[in-house]
Amino acid sequence: MSDTNSELLAALESADQIKVGDVVTGEVLAIDNDNQAVIGLHTGEEGVVPAREYSDDRSVNLADDLKVGDTIETVVVSNVTSDKEGVAYLLSKKRLEARKAWESLSFNEGDVVDAKVINAVRGGLIVDVAGIRGFVPASMVAERFVSDLNQFKGQDIKTEVIEIDPAKARLILSRKAVAAQERAEKLAEAFSRLTVGEVVEGTVARLTDFGAFVDLGGVDGLVHVSEISHDRVKNPSDVLSKGEKVNVKILALDTDRGRISLSIKATQPGPWDEVAEKAPAGTVLEGTVKRVKDFGAFVEIFPGIEGLVHVSQISHKRVENPADVLKSGDKVKVQVLDVKPAEERISLSMKALEEKPANQREDRDDNRGASRADMAAFQQDDEGAATLGDIFGDKL
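Because the structure is a prediction, the values reported are computed rather than measured.

**Side note on the overall build of the protein chain**
Part 1 of the argument: Of the regular secondary structure elements, the protein chain holds eight helices and 20 strands.
Part 2 of the argument: Within the protein chain, the proportion of its 396 residues that are buried is 38%.
Part 3 of the argument: Long-range pairs, those at least 24 residues apart, make up 58% of the contacts in the protein chain with a sequence separation of at least 6.
Part 4 of the argument: For the protein chain, the exposed area adds up to about 22900 Å²; of that, 46% sits on carbon and sulfur atoms.

Encoded structure:
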């Protein structure tokens with residue numbers, strides 16, 4: 001064979017060789033049980049397109065998208081030649097689409113683009129932007145820490161392009177900056193339509209140790225744990241659940257800090273609302289001693305309702321220290337002396353139910369009257385009697 005013929009044959013053989021990175025078009029010969037398509041190439045060789053190289057959708061079934069005889073364009077990923085099966089190639093449709101997308105890149109750093117969340121991994125979100133695979137680091141997913149990134153899987157989100165490197169096929173995005181802007185716009189809209197004092201319906205969005213965040217239609221307001229119920233609430237999750245519909249009263253709108261303060265208990269009847277009717281002056285009740293102080297004892301007469309038995313109203317006998325005769329948990333009978341529901345105050349007496357000893361001299365201190373003694377105990381602060389903490393205890 002002449003040198004010219006040898007060179008021509010070598011050139012023809014070289015032209016038919018398939019190399020990694022080549023774009024090839026072939027015919028679907030079969031779709032096997034491993035959910036991969038067998039492709040016939042122009043060289044007479046075969047290639048395979050596994051489902052993972054066909055689409056980022058892990059649930060894709062190739063039999064639904066392809067049929068024998070279809071023509072498909074792919075890129076060669078690797079040579080998987082084996083002695084038994086001959087020459088074969090690993091082919092990819094999704095990588096070819098990504099290559100084409102990079103070649104026709106239409107956005108720049110700083111642009112806001114739509115992204116489809118493909119998967120959630122430990123470090124963040126894997127997304128698709130116009131056919132290009134991108135990554136949103138966990139720290140850039142939201143303004144606050146998100147413990148479960150899986151909630152974003154399958155969602156369409158708006159992101160800002162942080163870094164583009166076509167040579168490394170690197171695309172880094174941030175949802176945080178866009179979310180902050182969207183939140184600011186929603187807050188402005190919310191502040192324009194909400195009014196302090198009005199009652200609106202919302203949805204419990206998330207729960208924390210210090211309260212519940214309620215969604216008012218795109219923006220969250222905080223119901224502090226002290227504003228959840230008239231009863232003492234230790235943990236908001238004990239009485240509320242995520243997704244629950246609740247009525248809330250707008251307590252404050254802080255435009256400077258972008259905060260909305262809400263109350264659930266302000267929309268509900270309080271324990272003091274019917275006290276004046278249920279326990280007018282003169283009513284005799286049985287109660288439980290809750291706390292004993294130097295100036296008297298607090299007795300619970302209804303759930304959540306405590307009244308004060310001033311030290312001067314404990315007994316006809318002079319009592320120097322209420323703790324000498326009463327302790328927390330004692331059951332006692334009391335008579336209502338005075339009720340002030342608006343101030344959440346009720347004055348009680350134990351000695352009013354006891355017969356006064358015939359030979360007992362009237363104590364000048366007791367001439368003040370139980371009600372006045374009670375009010376003094378409620379109102380004193382720095383002078384060593386009742387503070388707000390003494391009166392309401394853990395309820396504040």
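**Details of the pattern of salt bridges**
Part 1 of the argument: This model, assessed by the stated rule, comprises 18 salt bridges.
Part 2 of the argument: Where Asp70 meets Lys67, a salt bridge forms, and the shortest distance between an N and an O atom there is 3.2 Å.
Part 3 of the argument: A residue is classified by how much of its surface remains accessible, and Lys67, at 55% relative accessible area, is exposed.
Part 4 of the argument: Close ionic contact of Arg318 with Glu320 constitutes a salt bridge, the shortest N to O distance being 3.1 Å.

**Overview of the pairing of strand β6 (residues 112-121)**
The side chains of a regular strand alternate, first on one face of the sheet and then on the other.
Part 1 of the argument: Where β6 meets strand β9 (residues 156-165), five bridges bridge the pair, whose relative direction is antiparallel. Among the inter-strand pairings, Val112 is bridged to a residue of β9, identified as Glu160.
Part 2 of the argument: Adjacent in sequence and paired antiparallel, β6 and strand β7 (residues 124-129) are bridged by two residues.

**Quick word on the sheet that holds strand β15 (residues 259-263)**
Part 1 of the argument: The mixed closed barrel is built from five strands, whose spatial order is β11-β12-β13-β15-β14. For this sheet, the mean angle separating the axes of adjacent strands, direction not counted, is 50°.
Part 2 of the argument: Across two bridges, the pairing between strand β13 (residues 220-224) and β15 is parallel. Paired with Val223 across the strands is Leu262, a residue of β15.

**A look at the side chain of Thr74**
Part 1 of the argument: As for its placement among the helices and strands, Thr74 is situated in strand β4 (residues 71-79).
Part 2 of the argument: Those residues in contact with Thr74 that lie beyond four places of it in its chain are Asp22, Val23, Val24, Val49, Leu91, Ser92, Lys93 and Leu96.

**Comments concerning the pairing of strand β5 (residues 88-92)**
Part 1 of the argument: Most of β5 is tucked away: five of the five residues are buried.
Part 2 of the argument: Note that strand β3 (residues 46-50) and β5 share three bridges and pair parallel. Bridge pairing in β5 places Glu46 opposite Ala88.
Part 3 of the argument: Pairing of β4 with β5, which is carried by four bridges, proceeds in the antiparallel orientation. For Val75, the partnering residue across the bridge sits in β5 and is Ser92.

**Some remarks on a negative patch on the surface**
Part 1 of the argument: A contiguous patch of negative charge on the surface is contributed by Asp273, Glu274, Glu277 and Glu344.
Part 2 of the argument: Accessibility expressed as a relative area gives 47% for Glu274, which makes it partly exposed.

**Some remarks on the environment of Glu198**
Part 1 of the argument: Residue position: Glu198 is located in the loop between α5 (176-193) and β11 (199-208).
Part 2 of the argument: Taking relative accessible area as the criterion, Glu198 reaches 26% and is therefore assigned partly exposed.
Part 3 of the argument: A sequence separation of 52 residues divides Glu198 from Ile250, and the C-alpha atoms of the two residues are 5.7 Å apart.
Part 4 of the argument: When neighbours within four sequence positions are excluded, Glu198 is seen to be in contact with Arg193, Val248, Lys249 and Ile250.
Part 5 of the argument: Here Thr195 takes part through its backbone nitrogen, which lies 2.6 Å from a polar atom of the side chain of Glu198.

**Focus on the packing of aromatic side chains**
Part 1 of the argument: Scanning the model with the defined rule gives two aromatic pairs in all.
Part 2 of the argument: Here Phe210 and Phe213 contribute two aromatic rings whose centre-to-centre distance is 6.1 Å and whose plane-to-plane angle is 85°, an arrangement assigned as edge-to-face.
Part 3 of the argument: Seen from their ring centres, Phe295 and Phe298 are 6.0 Å apart, and the 85° between their planes marks the pair as edge-to-face.
Part 4 of the argument: Phe295 sits in the buried class, given a relative accessible area of 8%.
Part 5 of the argument: One Lys or Arg, Arg206, reaches over the ring of Phe213 and ends 3.9 Å from the middle of that ring.
Part 6 of the argument: Between Arg291 and the ring centre of Phe298, over which it is positioned, the NZ or CZ distance is 4.5 Å.

Conventions and cut-offs
- Residues numbered from 1 in each chain as written.
- Predicted model: local features only at pLDDT ≥ 70, side-chain atom pairs only at ≥ 80, totals over all residues.
- Heavy atoms only, no water.
- Helix = DSSP H or I, 4+ residues; strand = E, 2+ residues; numbered from the N terminus.
- Buried < 20%, exposed > 50% of the residue type's maximum accessible area, 1.4 Å probe, protein only.
- Contact = heavy atoms within 4.5 Å.
- Areas by Shrake-Rupley, 256 points an atom, 1.4 Å probe, with all protein chains shown as cover.
- Salt bridge = Lys/Arg side-chain N within 4 Å of Asp/Glu carboxyl O.
- Pairing = 2+ DSSP bridges.
- Axes fitted to C-alpha atoms, helices over the stretch in contact; angles between N-to-C directions.
- Patch = residues over 30% accessible without salt bridge, like charges linked within 9 Å, V, L, I, M, F, W, Y side chains within 5 Å.
- Lys, Arg positive; Asp, Glu negative; His and termini not counted.
- Charge placed at Lys NZ, Arg CZ, Asp CG, Glu CD.
- Polar contact = N/O pair within 3.5 Å; in protein donor to acceptor, adjacent residues only side chain to side chain.
- Phe/Tyr/Trp six-rings, centres within 6.5 Å; stacked < 30°, edge-to-face > 60°.
- Lys NZ or Arg CZ within 6 Å of the ring centre and 35° of its normal.

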